Every structure is written in structure tokens, then in C-alpha cells.
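Topology and contacts: notes
If you want the building blocks of each chain, they are given just below.
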Amino acid sequence: MLRTHITEEVNIHGVRTRESGHRRYVEMHVLVPGAWTVTRGHDLVESIEQAVKAEFEASEVTTHLEPREDPRAYGDYETEIELGAAGNGGHGTVPSQDEG
Ligand SMILES: [Zn+2]
């Protein structure tokens, strides 16, 4: 589902999920070209947030928009997209040490 948003220009990483009671929280970093306008980036993350909410019935989706050219965006790159486990009843928590 998230993979449908990943293109030559767009990447997603740092995906984390957690549950509190019956509420599910999803966080992710969305990397786009730095030359994109704020509007374009925002339109994309809105689309992603809606897709995540639809797929996982997440109560909250938080996205962090990052310019893909910025090396600071890659500090948490090892947490590469891995949301699959979140949809099958497991807790689906992706190991992650920092917020990036
Ligand atoms: Zn990041």
C-alpha cells in the first residue's frame, strides 16, 4: 500500500507503528525532492495519510516531510519501509532508536 506511493522521486522510511488501547498510531518519514513546493509535498503526504488510515484503520498518522537531498534525512535509514506486519494482528513495531 505504501509502496504505491514510492516512485523515482519519492521514498518513505522510518515507519513506526504503536498501539494504545484500540488506537493505532503510525509515523513515517516521506522523502521528496527539495525543489518540490510545499503544496506538492503536502498534497502527497495527505494522500499517504489517507491511504494508511484506510488500510490500517489508524487513529493517527504522522508524517515528517524531508528533502531527499539532505543527508540529515538519512540518519534513520535502516528503518526502511516495513509496515507489512502492522496489518495482520501483530503489533508490527519497527525497531527504531530515534526520531530522525
Ligand atoms: Zn528520516
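Here goes a summary of the coordinates provided.

So, how was this worked out
Residues numbered from 1 in each chain as written. Predicted model: local features only at pLDDT ≥ 70, side-chain atom pairs only at ≥ 80, totals over all residues. Heavy atoms only, no water. Helix = DSSP H or I, 4+ residues; strand = E, 2+ residues; numbered from the N terminus. Buried < 20%, exposed > 50% of the residue type's maximum accessible area, 1.4 Å probe, protein only. Contact = heavy atoms within 4.5 Å. Phe/Tyr/Trp six-rings, centres within 6.5 Å; stacked < 30°, edge-to-face > 60°. Lys NZ or Arg CZ within 6 Å of the ring centre and 35° of its normal. Polar contact = N/O pair within 3.5 Å; in protein donor to acceptor, adjacent residues only side chain to side chain. Pairing = 2+ DSSP bridges. Core = buried A, V, L, I, M, F, W, Y, C linked by side-chain atoms within 4.5 Å. Donors = N, O, S within 2.8 Å, 3.2 Å for Na, K, Ca; no water. Tetrahedral: all angles 85-135°; square planar, octahedral: opposite > 155°, others 65-115°.

1. Some remarks on the environment of Ile48
Along the chain, Ile48 falls in helix 1 (residues 38-56). Given a relative accessible area of 0%, Ile48 falls into the buried group. Spatially, the C-alpha atoms of Ile48 and Met28 are 10.0 Å apart, while their sequence positions differ by 20 residues. With residues up to four places along the chain from it excluded, the contact list for Ile48 reads Leu2, His5, Ile12, Met28 and Val30.

2. Thoughts on the packing of aromatic side chains
Following the criterion strictly, the structure yields zero aromatic pairs and no others. When the ring centre of Tyr25 is taken as origin, the NZ or CZ atom of Arg18, which lies over that ring, is 4.6 Å away. Sitting over the ring of Trp36, Arg40 keeps its end group 3.9 Å from the ring centre.

3. Quick look at the side chain of His29
Mapped onto the elements of the fold, His29 is located in strand 2 (residues 23-32). Within the local environment of His29, its side chain forms a polar contact with the side chain of Glu66, the two groups lying 3.3 Å apart.

4. Notes on the pairing of strand 1 (residues 11-20)
As paired elements, strand 1 and strand 2 share eight bridges and run antiparallel to each other. Paired with Asn11 across the two strands is Leu31, which belongs to strand 2. The antiparallel pairing of strand 1 with strand 2 creates a hairpin that spans two residues between the two strands, and Gly21 there sits at a positive phi of about 65°.

5. Some details on the nonpolar core
Leu2, Ile12, Met28, Val30, Leu44, Ile48 and Val52 are the most contacted members of the largest nonpolar core, which totals 16 residues. The element contributing the most residues to this core is helix 1, with five residues. Apart from residues no more than four positions distant in its own chain, Val30 is found in contact with Val10, Asn11, Ile12, Leu44, Val45, Ile48, Thr63, His64, Leu65 and Glu66.

6. Section: the coordination of the zinc ion
In this structure, His13 (NE2), His29 (ND1), Glu66 (OE) and Glu66 (OE) serve as the protein donors to the zinc ion, at separations of 2.1 to 2.6 Å. Coordination at the zinc ion comes from four donor atoms whose angles at the metal span 50 to 137°, giving a geometry best classed as irregular. For the zinc ion, the donor residues sit on a single chain with the sequence spacing H-x15-H-x36-E. Here His29 lies in strand 2 and His13 lies in strand 1, a separation of 16 residues in the sequence. As far as the burial class goes, His13 and His29 line up, both buried.

Interpretation note: all reported values are geometric properties and have no functional meaning in isolation.
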